[in-house]
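Examining the three-dimensional arrangement
The residues making up each chain are set out below.
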Amino acid sequence: MCGIVGYVGKKSAPEFLLGALEKLEYRGYDSSGIAICNDKEKKDKVELIKKKGRIRVLRETVENFKDFFGKVGIGHTRWATHGEPSDINSHPHTGASGKIAVVHNGIIENYMILKKNLMQKGIKFASETDTEVVAVLADYLYDGDIFETVRKTALSLEGSFALGILCSDFPDRIIAVKKESPLILGFGNEENYIASDISAFADRTKKICRLDECEMAVIKNSEVSFYNFSGEKINKTITEIDWNIGSSEKNGFDHFMLKEIMEQPKAVKETLSARCSNNDILIDDLTKEYLENINKIYIVACGSSHHVGVAAKYAFEKLSKITTNTDLASEFRYRSPIIDEKTLVIIISQSGETADSLAALREAKHKGAKTLAVVNVVGSSIAAESDCVIYTWAGMEVAVATTKAYSAQLSVMYMLALHIAKILNKISKEKFEKHFNNLLNLPDLIEKTLEEKTKVFEIAKKYCQRDNVFFIGRNNDYAICMEGSLKFKEVSYIHSEAYPAGELKHGTISLIESGTLVIAVATNHKLFEKTISNVREVKARGAVCLALTTEDKREEIACVADDTICVPRIPPIMQPSLSVIPLQLFSYYVALLRERDIDRPRNLAKSVTVE
Ligand code: G6P
């Protein structure tokens, strides 16, 4: 959460900073701000503009200030943690002198103690944020040596922090500090940048350097120096990334979410073609020798990426016959999971920066497991730290509610399950070929499923005014319910729950009353009758039912359900790739009809870099 950016160069800093912040707005959009120095003219204070609301509000304000000009600056887009969204709580923060400005991503865990100590010295605070303490402490410690001041400040802080710091006495530089939260430097032509994510400057340079734990950098336009927290100079390698981040334009769609839903066939196709060729799957990191020695797989992730794991578990256990557990990263990291060198831990993350997933990865490595990351953002922290990476090639995903990254992740997980099964001789050659062909067919079938768009819109019109929705299903149909329900509530703001259909009777059914919408996912033919019985039970209590099933079951289900959406039939283990599509569309259309802020739902952020 929160995105920070910085610019040191010969052109307009505000222009770069505003553009870069717009690219990082997915990290939080409660408020934003920038601070600048003019490298020619030394002033007593840094200049600052910060505003509650979207970056467009900041842009309008900056553009109205004719004298707001500088070639060095820092910027911030905020997802509020400490203190409500307001102008005062917005970053950058400064101390009493106004000389030092700070932008921060992370959480300063000891800020209350530091704040109390500083207040006892008579120093006043303006905001409720944890970040202000960094600026105030630096201001208090400042003795004319800004590098030493920042270093001493960093040593006093506990928690996670990526910092960009500007000082009006040194208008030719910014100082970057990193502990736990991501911070990347970009090297341009007589200009250099810092950002929480490469996408902020990827249109200007492909030369990057990621700061590692407890490192600092002093960035000028023609020179960058790196240090550790002891103040010793260190050498770092600049790498060139080969990553086309793709378009961040809506291309005629009203919302990124719909654009990205429609891009799913391409996302899955590109993801698969990166690893599938000559009728085989190329995953060199998982050799026969290694796989024969593992006895357990953990799939660990957050949010929708976790739901990918839940759906994939069925494919893993069925095909590879290895015990597979799924876990939420925020739980996994604190519950002493039993892991050793015989455990493979798969971390799934679109952003590659989710704090809990990163911590879970570190925990797994620490306990001796091999770690494999399934990541969409090239060069992200999770990709950099895991033992091996399989990238999803979904391209840049802008809408906060993930769709195409989810589908690309799911296709990687099927590919992995199939690869492991083949290497371990757990499936016959014929079965492998059959599944492999089904996998390669997924993009076309997703395309076909998307053709139901208009029908889903009509159904959304019918049900968009409901206040409570239940998604029910069994096995991997339940996994899809989890994702369908999350998507639905995050963009429509309507309460919904996903429930394993067989568990309904153990409590949830008491919430069913006249008019409650129940969305039943029943694509698994072995469990079809059982789910239909559950549909009858809720209907008997007044619920209305929207059923999602395969084409060949259309008539059978129409006798029980009020409305039906059908998807093409494929073997059950891969069915989630198709079932999720109508649920994404349904969520989108209900949100559209309820006039929600679809691409930027309230209170959310796309990349959750704090616990
Ligand atoms: C946030 C996003 C979700 C995402 C989750 C995990 O909550 O809004 O769409 O699934 O984080 O993110 P990751 O980048 O690790 O997949």
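As a starting point, this report considers the structure included with it. (Residues numbered from 1 in each chain as written. Predicted model: local features only at pLDDT ≥ 70, side-chain atom pairs only at ≥ 80, totals over all residues. Heavy atoms only, no water.)

Some details on the overall build of the chain
When you go through the chain residue by residue, the secondary structure sums to 19 helices and 27 strands. For 611 residues, the compact-globule formula gives about 25 Å, and the C-alpha radius of gyration of the chain, at 26 Å, lands near that figure. Taking the principal axes of the C-alpha coordinates as reference, the chain spans close to 80 × 55 × 45 Å. Within the chain, the fraction of its 611 residues that count as buried is 62%. Restricting to contacts in the chain with at least 6 residues of sequence separation, those with at least 24 account for 73%. With an accessible surface of roughly 23,600 Å², the chain has 47% of that area assigned to carbon and sulfur atoms. Charged side chains in the chain number 80 positive and 83 negative. The centres of these two groups are separated by 2 Å. (Helix = DSSP H or I, 4+ residues; strand = E, 2+ residues; numbered from the N terminus. Rg over C-alpha atoms; globule rule 2.2 N^0.38 Å. Buried < 20%, exposed > 50% of the residue type's maximum accessible area, 1.4 Å probe, protein only. Contact = heavy atoms within 4.5 Å. Areas by Shrake-Rupley, 256 points an atom, 1.4 Å probe, with all protein chains shown as cover. Lys, Arg positive; Asp, Glu negative; His and termini not counted. Charge placed at Lys NZ, Arg CZ, Asp CG, Glu CD.)

Here we look at helix α11 (residues 355-366)
Given a rise of 1.5 Å per residue, 12 residues ought to cover 16 Å, and the 16 Å separating the end C-alpha atoms of α11 matches this to within 8%. What α11 keeps buried is the set A355, D356, S357, L358, A359, A360, L361 and A364. Check the buried side of α11 and you find it contacts β18 (296-301), α10 (329-332), β20 (343-349), β21 (370-375) and α12 (381-385). Positive backbone phi, approximately 100°, marks G368, located one or two places after α11. (Expected span 1.5 Å × (residues − 1).)

Details of unusual backbone geometry
A cis amide bond links H91 to the next residue, P92, at an omega of -5°. If you trace the backbone, P92 turns up in the loop between β4 (72-78) and β5 (93-94). Of note in this structure, N425 is not a glycine but carries a positive phi near 55°. Position of N425 relative to the elements: it lies in the loop between α13 (404-423) and α14 (429-450). By relative accessible area, which is 59% here, N425 ends up exposed. Even without glycine at this site, Y493 takes up a positive phi of about 65°. Topologically, Y493 is positioned in the loop between α16 (476-492) and β24 (495-500). Residue class for Y493 comes out partly exposed when judged on its relative accessible area of 22%.

A word on the packing of aromatic side chains
Ring pairs (aromatic) are described by centroid distance and by the angle formed between their planes. Under the criterion given, the structure shown has 13 aromatic pairs. Centre to centre, the rings of F432 and F436 are 5.6 Å apart; their planes meet at 20°, and the pair counts as stacked. With a gap of 4 residues between them, F432 and F436 both fall in helix α14, about one helical turn apart. For F432, a relative accessible area of 6% translates into the label buried. Given a relative accessible area of 3%, F436 falls into the buried group. For the pair F488 and F586, a centre-to-centre distance of 5.7 Å together with 10° between the ring planes defines the contact as stacked. Here F488 is found in helix α16, whereas its partner F586 is found in helix α19 (residues 576-593), with 98 residues between them in sequence. F586 matches F488 in its accessibility class, with the two residues each being buried. Through successive ring pairs, a cluster of aromatic residues spans Y7, F16, Y193 and F201. (Phe/Tyr/Trp six-rings, centres within 6.5 Å; stacked < 30°, edge-to-face > 60°.)

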